[in-house]
Amino acid sequence: LRSAVAVDIGGTKLAAGVVDSTGRVWHADRVPTPVGGDGEVVWAALAGLIGAVRAAAAIAGAPPPGGVGVGCGGPMRWPQGVVSPLNIPGWRDFPLRQRLGELFGASPVRVHNDAIALAVAEHWRGAAVGRRDALGMVVSTGVGGGLVLGDRVMDGASGNAGHIGHVVVDPAGPGCACGGRGCLEAIASGPRTVAWALANGWRCAVAERRVLGARGRYGESLADGRGLVADARVGDVVAVAALARAGAALGVGIASALALCDVQVVVVGGGLAAAGDLLFDPLREALRRHARLGFTRAVPVVASALGPQAGLIGAAALVLAGNRYWSAD
Ligand SMILES: [Zn+2]
């Protein structure tokens, strides 16, 4: 295949694009995920988006897509692609892979966990190119991950390998959405980091000026991850401490993952990773403290090279890279 339709499905946005086998995104667009609608409303929005993106990519001269790759928030039944994304209540046991198959006829359709798609993207065309063994992570609304070991994506028995967000980093820590306690995600996700900052007196001052001044968008919540990063960049003490807390927890979780999986590189993407050194310095400090075995000590932890398009590029790789990132039918 020379190009694929790539789809990235999350709780706040549906994204689609046409991506070629070099990883180039010819055309991509996104729409907000319909809120409160039933499953068919979400599906109609997605199908409409895919149609529009295909038409625009064809006009731009993209090679005609020969398959469909999808990264979707979990949980899902894999490889059937029957999805129940936590943040899309309208989709419960929604047969996404089957529906896309009906839309695209004979073309292959492959659906995987969105965090696995991100890890695949960085291994295929991003910061982990040339490494046989890599852990890819996303730190945004949640904390997710995927593993590529021996140049192959690790699916696990149910398609859920690499869920580093639910590795326990503090058994006495806060409760997690999964029902557990002290998971990495319960401490280091964007919303949990913002909540910690607010509870400790963060006033989102710069974020407010930025949004009201530059874009004039009133009435939206300013207390989000982007606002936190903006405030930390100008030295807001609480914002800096919040990112340091998240970074330290990430370092602890990654240290455990390195011991277990023996990878050569860790790639971290997602909204909170945009904080750069404000997140990565405390992360690496925690890593130095906890990753003490020789094979874990020198493993680089680097920022995503593909940025916001990693999800689409990884989704495309599911079908464009042969069976390197797909072990099912
Ligand atoms: Zn959890």
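Parameters at a glance
- Residues numbered from 1 in each chain as written.
- Predicted model: local features only at pLDDT ≥ 70, side-chain atom pairs only at ≥ 80, totals over all residues.
- Heavy atoms only, no water.
- Buried < 20%, exposed > 50% of the residue type's maximum accessible area, 1.4 Å probe, protein only.
- Helix = DSSP H or I, 4+ residues; strand = E, 2+ residues; numbered from the N terminus.
- Pairing = 2+ DSSP bridges.
- Axes fitted to C-alpha atoms, helices over the stretch in contact; angles between N-to-C directions.
- Parallel < 35°, antiparallel > 145°, perpendicular 65-115°, else oblique.
- Left-handed = near helix turned anticlockwise from the far one by under 90°.
- Contact = heavy atoms within 4.5 Å.
- Nonpolar A, V, L, I, M, F, W, Y, C, P; charged D, E, K, R; others polar.
- 1 Å grid on protein atoms, 1.4 Å probe; cavity = no way out; pocket = protein on both sides within 12 Å on 5 of 7 lines; lining within 4 Å.
- Points joined across faces, edges and corners; volume = space filled by probe spheres on them.
- Core = buried A, V, L, I, M, F, W, Y, C linked by side-chain atoms within 4.5 Å.
- Arc of directions from axis to C-beta.
- Phe/Tyr/Trp six-rings, centres within 6.5 Å; stacked < 30°, edge-to-face > 60°.
- Lys NZ or Arg CZ within 6 Å of the ring centre and 35° of its normal.

**A look at the pairing of strand S10 (residues 143-149)**
Extensive coverage of S10 is indicated by the burial of six of its seven residues. Of the strand pairs in this sheet, strand S9 (residues 134-139) and S10 are connected by six bridges, and their pairing is antiparallel. Along S10, the bridge assignment pairs glycine 136 with glycine 146. Two successive antiparallel strands, S9 and S10, enclose a turn made up of three residues. With two bridges joining them, S10 and strand S11 (residues 152-153) adopt antiparallel strand pairing. From the neighbouring strand, leucine 149 faces S11, where its bridge partner is arginine 152. In this structure, the hairpin formed by S10 and S11 is closed by a connection of two residues, where glycine 150 is found at a positive phi of approximately 60 degrees.

**Considerations on the packing of helix H8 (residues 237-261) against helix H9 (residues 277-290)**
At a closest axis distance of 7 Å, the pairing of H8 and H9 adopts a crossing angle of 40 degrees. Between H8 and H9, the interaxial angle falls into the category oblique. Handedness of the crossing formed by H8 with H9: right-handed. Only Leu278, Leu279, Pro282, Leu283, Ala286, Leu287 and His290 of H9 make contact with H8, whose side of the interface consists of Val240, Leu243, Ala244, Ala246, Gly247, Ala248, Leu250, Gly251, Val252, Ile254, Ala255 and Leu258. Here the contact of H8 with H9 is built from residues that sort into 16 nonpolar, three polar and no charged.

**Brief notes about the layout of surface pockets**
Roughly 150 Å³ of internal volume is contained in the second largest pocket. In terms of residue count, H8 provides more of the lining of the second largest pocket than any other element does, four residues in total. When grouped by side-chain class, the residues that make up the lining of the second largest pocket number seven nonpolar, three polar and no charged.

**Some details on the nonpolar core**
With 51 residues, the main nonpolar core has Val7, Ile9, Leu46, Val70, Trp91, Leu96 and Leu100 as its most contacted residues. Contributing elements (two or more residues each) for this core: strand S1 (3-9), strand S2 (13-20), helix H1 (39-59), strand S4 (68-72), helix H2 (96-104), strand S8 (109-113), helix H3 (114-125) and helix H11 (310-320). Here the element with the most residues in this core is H11; it accounts for nine residues. Ignoring any residue separated from it by four or fewer positions in sequence, one finds valine 7 in contact with Ala15, Ala16, Leu46, Ile50, Val68, Gly69, Val70, Gly71, Leu312 and Ala315. Grouped together as the second largest cluster of nonpolar side chains are 42 residues, Ile187, Val229, Ala232 and Val299 included.

**What about the sheet that holds strand S6 (residues 82-83)?**
Strand order in the open sheet formed by three strands is S5-S6-S7, and the pairing between neighbours is antiparallel. This sheet does not close on itself; its edge strands, each paired only once, are strand S5 (76-77) and strand S7 (94-95). Pairing of S5 with S6 involves two bridges; the strand directions are antiparallel. When the bridges of S6 are listed, methionine 76 appears paired with valine 83.

**Some thoughts on H2**
Buried within H2 are the following residues: Leu96, Arg97, Arg99, Leu100 and Phe104. When H2 is viewed along its axis, its buried side chains cluster within an angular range of 165 degrees and face the same direction. Among the structural elements, S1, H1, S4, S6, S7 and S8 are those in contact with the buried residues of H2. Looking one or two places after H2, you find glycine 105, whose phi comes out positive at around 65 degrees.

**Let's talk about the packing of helix H7 (residues 225-233) against H8**
At a minimum axis distance of 7 Å, the contact between H7 and H8 shows a crossing angle of 115 degrees. The crossing of H7 and H8 is left-handed. Across the interface between the two elements, Leu228, Val229, Asp231 and Ala232 from H7 touch Ala239, Val240, Ala242 and Leu243 from H8. For the contact of H7 with H8, the per-class residue count stands at seven nonpolar, no polar and one charged.

**A few points about the packing of aromatic side chains**
Summed over the entire model, instances satisfying the criterion amount to three aromatic pairs. Taking 6.1 Å as the distance between ring centres and 40 degrees as the angle between the ring planes, the aromatic pair formed by tryptophan 43 and phenylalanine 94 counts as tilted. Placement of the pair is tryptophan 43 in helix H1 and phenylalanine 94 in strand S7, with a sequence separation of 51 residues. With a relative accessible area of 10%, tryptophan 43 lands in the buried category. Ring geometry for tryptophan 91 versus phenylalanine 94: centroids 4.5 Å apart, planes at 5 degrees, classification stacked. Under the relative-accessibility criterion, tryptophan 91 is labelled buried at 0%. By relative accessible area, phenylalanine 94 is classed as buried at 6%. Grouped by ring-pair contacts, the aromatic residues Trp43, Trp91 and Phe94 constitute a single cluster. Over the face of the ring belonging to tryptophan 124 we find arginine 125, whose NZ or CZ atom lies 4.2 Å from the ring centre.

**Details of unusual backbone geometry**
Of the consecutive residues glycine 74 and proline 75, the connecting peptide bond is found in the cis state with omega at 5 degrees. For proline 75, the position within the fold is in the loop between S4 and S5. Cis geometry is found at the peptide bond from tryptophan 78 to proline 79, where omega equals 10 degrees. Within the secondary structure, proline 79 is located in the loop between S5 and S6. Residue aspartate 151 is not a glycine yet carries a positive backbone phi of 65 degrees. Relative to the helices and strands, aspartate 151 is located in the loop between S10 and S11. Aspartate 151 sits in the partly exposed class, given a relative accessible area of 23%.

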